[in-house]
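The chain contents come next:
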Amino acid sequence: MVDHRGMSLSTHEADLFESYRGRLEAIAYRLLGSAGDAEDAVQDAYLRWHAADRTRIETPEAWLTKVLTNLCLNQLTSARARRETYVGQWLPEPVLAGDRMLGPADTVEQRESVSLAMLTLMERLSPNERVVYVLREAFGYSHREIAEILDLTESNCQQLYRRAKQHVGTERPRAEVDADTARRIVEEFLAAALSGDTEPLIRLLTDDAVSIADGGGRLPARKIPVVGAFDIARYLRHVFQPTPAKRAFVGDDAVFYAVVINGAPAVLVEVGERVYGVVGLEPSADGVAAIHIQVNPDKLARITRQWAAAGPQEPIIRKW
């Protein structure tokens, strides 16, 4: 391969980058909360690798992590300004179980760092706090290594990490789920949501549960969070109750599936050959603690491709 300046990239160097791509994507996804933006950042890192004098790079993984982190920091800074004009609530982009964007999942910290709840909480952090938290919690980097990546002192990184932990450390531990558990939770949730009664939903939710919906101004979505089991139950009963008008708007061929996204059970709604919406459920020991409703089409493109590639699945509800 040759770039526009004539600098060649050997097969070994191309393969070396590809061996790191999954890890880089997982870092970028946790930093940005967007699979699409993560892919773009990693591709930009590849172009930097392509153009660099690679004979001077002693540790490619460290060099690429630093380049990627700086690209993500630039995006995080501009994203903060964009979020101020975002229509309604902002939620991260959901990805299906098995997607390499989710990265390592061996420890509780690694699994928690990619949950929709945690990705949403991390929006409270400054860009540097988020980098330190992600690299430390999810990827096991030492404060010395992170300091070199960010061009900060080690003590400064330790302070950033403590502040980040204070901001996000109050999140309750969630229950671990596999595909069978996810299906059982989703079946119970849909039965309650479609019953036309609020009581079954109230029993499923924690008293202080929160529901957040993201339509991005593209599709109708509640513009403020709904808090508390009773209010969420009333809201969800309205959302899921089929009416002729809703069927006309969504389509009369909506099919409901149980999936695992970001380590948690979720309802996936397919209309035609497109994923119309994803309803993430955050289970805890006391019940469902959070509901994340994603219907912004811009944030469902990757999961639509994943879903199509996964092949036929067994739906829970074939006809809404």
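Under an unreviewed UniProt entry, the name given to the chain is DNA-directed RNA polymerase sigma-70 factor, and the organism recorded is Nocardia ninae NBRC 108245. Looking at the chain in UniProt, the text filed under Sequence similarities (unreviewed entry) is "Belongs to the sigma-70 factor family. ECF subfamily."

Draft legend 1. Highlighting the side chain of Ser113. Within the secondary structure, Ser113 sits in the loop between α4 (108-112) and α5 (116-121). Beyond its immediate stretch of four places on either side in the chain, Ser113 contacts Arg30, Met118, Leu119, Met122 and Ala138.

Draft legend 2. Quick peek at the pattern of salt bridges. Here the structure, examined in full by the defined rule, presents 16 salt bridges. Notably, a salt bridge pairs Arg21 with Glu18, separated by 2.9 Å at the nearest N-O pair. Of this pair, Arg21 and Glu18 both sit in helix α1 (residues 11-32), three residues apart, roughly one helical turn. Residue classification places Arg21 among the buried positions, given a relative accessible area of 11%. Between Asp298 and Arg218 there is a salt bridge whose closest N-O contact spans 2.6 Å. With Asp298 in the loop between β6 (287-294) and α13 (301-310) and Arg218 in the loop between β1 (205-214) and β2 (226-227), the pair connects residues that are 80 residues apart, well separated along the chain. Judged by relative accessible area, which is 53%, Asp298 ranks as exposed. Since its relative accessible area comes to 46%, Arg218 is described here as partly exposed. Among the ionic contacts, a cluster of salt bridges with common partners joins Glu39, Asp99 and Arg302.

Draft legend 3. A look at the nonpolar core. Tyr29, Leu68, Met122 and Tyr133 are the most contacted members of the largest nonpolar core, which totals 53 residues. Mapped onto this core, the elements with two or more residues apiece are α1, α2 (35-51), α3 (60-83), α5, α6 (127-137), α7 (143-150) and α8 (154-168). Here this core gets 10 residues from one element, more than from any other, and that element is α1. Residues in contact with Met122, not counting those within four places in the same chain, are Arg30, Ser113, Arg130, Tyr133, Val134 and Val168. Core analysis: the second largest hydrophobic core is formed by 35 residues, Leu190, Val250, Val271 and Val295 among them.

Draft legend 4. View of α7. Looking only at α7, the buried set comprises His143, Ile146, Ala147, Ile149 and Leu150. Around the axis of α7, the buried residues are gathered within 160° of arc, so they sit on the same side. Positive phi appears at Asp151, one or two residues downstream of α7, with a value of about 55°.

Draft legend 5. Region of interest: the environment of Ile316. Examined against the element boundaries, Ile316 turns out to sit in the segment after α13. As a C-alpha pair, Ile316 and Val267 span 49 residues in sequence and 9.4 Å in three-dimensional space. What Ile316 contacts, discounting residues up to four positions off in sequence, is Arg183, Val186, Glu187, Leu190, Phe256, Tyr257 and Ala258.

Parameters at a glance
Residues numbered from 1 in each chain as written. Predicted model: local features only at pLDDT ≥ 70, side-chain atom pairs only at ≥ 80, totals over all residues. Heavy atoms only, no water. UniProt positions renumbered as here; feature names shortened; annotations may be inferred. Helix = DSSP H or I, 4+ residues; strand = E, 2+ residues; numbered from the N terminus. Contact = heavy atoms within 4.5 Å. Salt bridge = Lys/Arg side-chain N within 4 Å of Asp/Glu carboxyl O. Buried < 20%, exposed > 50% of the residue type's maximum accessible area, 1.4 Å probe, protein only. Core = buried A, V, L, I, M, F, W, Y, C linked by side-chain atoms within 4.5 Å. Arc of directions from axis to C-beta.

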